[in-house]
Amino acid sequence: MTDAAAPSARRLSLTTKFFYGFGSVAFGVKDNGFSYFLLIFYNQVMGLPAQTVGLAIMAALFVDAFLDPIVGQISDNWRSRWGRRHPFMYAAAIPVAVSYLLLWNPPRGLGPQGLFYYLIATAILIRSFITCYEIPSSALAAELTTEYDERTKLLSYRFLFGWIGGLIMYFAALKIFLKPDAAHKIGQLNAEGYAHYGLASALLMLVAILISAGGTHGQIPYLRAAPHRKLTLLQLGREMLGTLAHASFLRVLAGSLCTAMAGGLALSMALYMATYFWEFSSAQIALFTFSSLTAALCAFAAAPILSKRWGKKTASMSLIAGALVVGAIPISLRLAGVFPPNHTPWVFPLVFAQNIISTGCSITAGILMSSMIADVVEDSELRTGHRSEGLFFAASAFVAKAVSGIGIFASGMMLAAAHFPQHAKPGQVPAEVVRHLGLIYVPTLAALYVLAILAVSGYRITRESHAESLRQLAAAAGLANEGEPASSEGHLG
């Protein structure tokens, strides 16, 4: 059916898992910056209307929708002495760093229209270059091992390092680069600090990509080689459409997209809610780094356990429900008038604890759904006769970018609907505006999470069906060797 051995159910070393996961620091830094800081920077600091910022990021996401599957398909069919994935990973490192630096340093003197187009252009650049790294890198998860639970462990490392990278820069931004000073009483409104943040983030992304690509380079002989065939653009297009029509994949993709939209909305609104709804100080907001880090560590430990005990589908649906219920509690209670007033001792610890639980549920669900996408690879190979890890994980990467893209767009629309003012100061925004924002936010979040649960409920691949797919593939190929090296040479096609 294919021209290479079916990848084995290899048990991976801790070193391999570390280097594989470490590369997601780059995506974590980028996505954290988009989710937490981009809206408030271009809206409250640079003066663009919130809905305009959201529109610019959605324009970049529209480009992603076309670019991501193309990169995935090319990566699946690329032939070189460094295999299918690593050439793209190495090539993306410097462009990723440079484009992210540009995003936080708009030229002076641009009017609103010029700033709008500059934001669109730089957002498209960084998201396109990170695509060229993230898709080939994430696709390695389905190649390094086919074992049902080992994949969940491997992807746990990827999610953990993604969160660690993003949270490190979030904490550094608030404690180092965006500190209040004589000219900026609110550190989050310090324009110069964002330029310094952009430089530090760009350097960290560059280092993370190179370390991960170099650290996994030794695995190349054990990865799939691209098939020996000449493909036309028409054939590539037909294969893309046929592969992506997989029913279980579409279900988990829809669920992941809804979860990502909810998570993106929560992240994009986090600084607004913390600053204006709860009226926390910059120092208090910085401490949320530790609640999110705790949540990521809990998810890292919990995902493999829940996968083994309940199965990926049941566990992910339960966790999405948990994220919804716990995430909505503090704001709902405040809107109902039964939550402690701002600046009283119980507010911060209650919201802090809620963030650990809801974020932990959300991250764990994300790990499991990514692992579910990896399991689609073999089921699809059995049906189509070719493997498409890059194409499937291109869709997964698009979902990950939808966290910030759709989140920022929805946040911008939400702020506009609530008539939230620009250059606003905490404590001076009318109470009715803040309340209106909460009344829009909670039902929107709930609707997205409910849709995610309904979508994932239609996923059909189980531990048993996945094992049967592996058995049939091994029988068809006439191979069952553990970790047999695959040769790779040449170019696309």
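Predicted, not measured: the structure shown is a model, and the values here were computed from it. (Residues numbered from 1 in each chain as written. Predicted model: local features only at pLDDT ≥ 70, side-chain atom pairs only at ≥ 80, totals over all residues. Heavy atoms only, no water.)

Some points on the environment of I135
- Of note, I135 is situated in helix α5 (residues 112-144).
- According to the relative accessible area criterion, I135 is buried, its value standing at 0%.
- The spatial distance from the C-alpha of I135 to the C-alpha of F392 is 9.0 Å, given a sequence separation of 257 residues.
- Look past the residues within four positions of I135 in its chain and what remains in contact with it is D68, V71, G72, G390, F393, A394 and A397. (Helix = DSSP H or I, 4+ residues; strand = E, 2+ residues; numbered from the N terminus. Buried < 20%, exposed > 50% of the residue type's maximum accessible area, 1.4 Å probe, protein only. Contact = heavy atoms within 4.5 Å.)

Points about the pattern of salt bridges
- For the coordinates displayed, the defined rule picks out 13 salt bridges.
- We note a salt bridge from R84 to E143, for which the minimum N-O separation is 3.0 Å. With R84 in the loop between α3 (50-76) and α4 (86-103) and E143 in helix α5, this residue pair connects regions lying 59 residues apart in the sequence. Assigned by exposure class, R84 and E143 land together as buried.
- Between D375 and K312 there is a salt bridge whose closest N-O contact spans 2.5 Å. A residue pair is termed long-range when its members are at least 10 positions apart, and D375 in helix α12 (residues 347-384) and K312 in helix α11 (residues 312-335) qualify at 63 residues. Like K312, D375 is buried.
- Linked through salt bridges whose partners overlap, the residues forming this network are D76, R84, R85 and E143. (Salt bridge = Lys/Arg side-chain N within 4 Å of Asp/Glu carboxyl O.)

Focus on a nonpolar patch on the surface
- Nonpolar side chains collect at one region of the surface, where I94, V98, L102 and L125 lie side by side and expose about 340 Å² of accessible area between them.
- Take the nonpolar patch: its biggest share by element is three residues, from α4.
- Here L125 lies in helix α5.
- Residue L125 is classed as partly exposed on the basis of its relative accessible area, which comes to 35%. (Patch = residues over 30% accessible without salt bridge, like charges linked within 9 Å, V, L, I, M, F, W, Y side chains within 5 Å. Areas by Shrake-Rupley, 256 points an atom, 1.4 Å probe, with all protein chains shown as cover.)

Some details on the packing of aromatic side chains
- With the rule as written, the count across this model stands at 31 aromatic pairs.
- Their ring planes at 70° and their centres at 4.9 Å tell us that Y276 and F420 sit as a pair that is edge-to-face. Here Y276 is found in helix α9 (residues 247-277), whereas its partner F420 is found in the loop between α13 (389-417) and α14 (431-456), with 144 residues between them in sequence.
- According to the relative accessible area criterion, Y276 is buried, its value standing at 5%.
- Of the aromatic side chains, those joined through ring pairs into one cluster are F37, F41, Y42, Y100, W104, Y170, Y194 and Y197. (Phe/Tyr/Trp six-rings, centres within 6.5 Å; stacked < 30°, edge-to-face > 60°.)

Some details on helix α6 (residues 148-177)
- Spanning 30 residues, α6 covers 43 Å between terminal C-alpha atoms, matching the ideal 44 Å at 1.5 Å per step.
- Across the 30 residues of α6, 22 count as buried, placing the element largely inside the fold.
- Of the residues flanking the start of α6, the one acting as N-cap is E147, its side-chain oxygen 3.0 Å from the backbone nitrogen of D149. (Expected span 1.5 Å × (residues − 1). Polar contact = N/O pair within 3.5 Å; in protein donor to acceptor, adjacent residues only side chain to side chain.)

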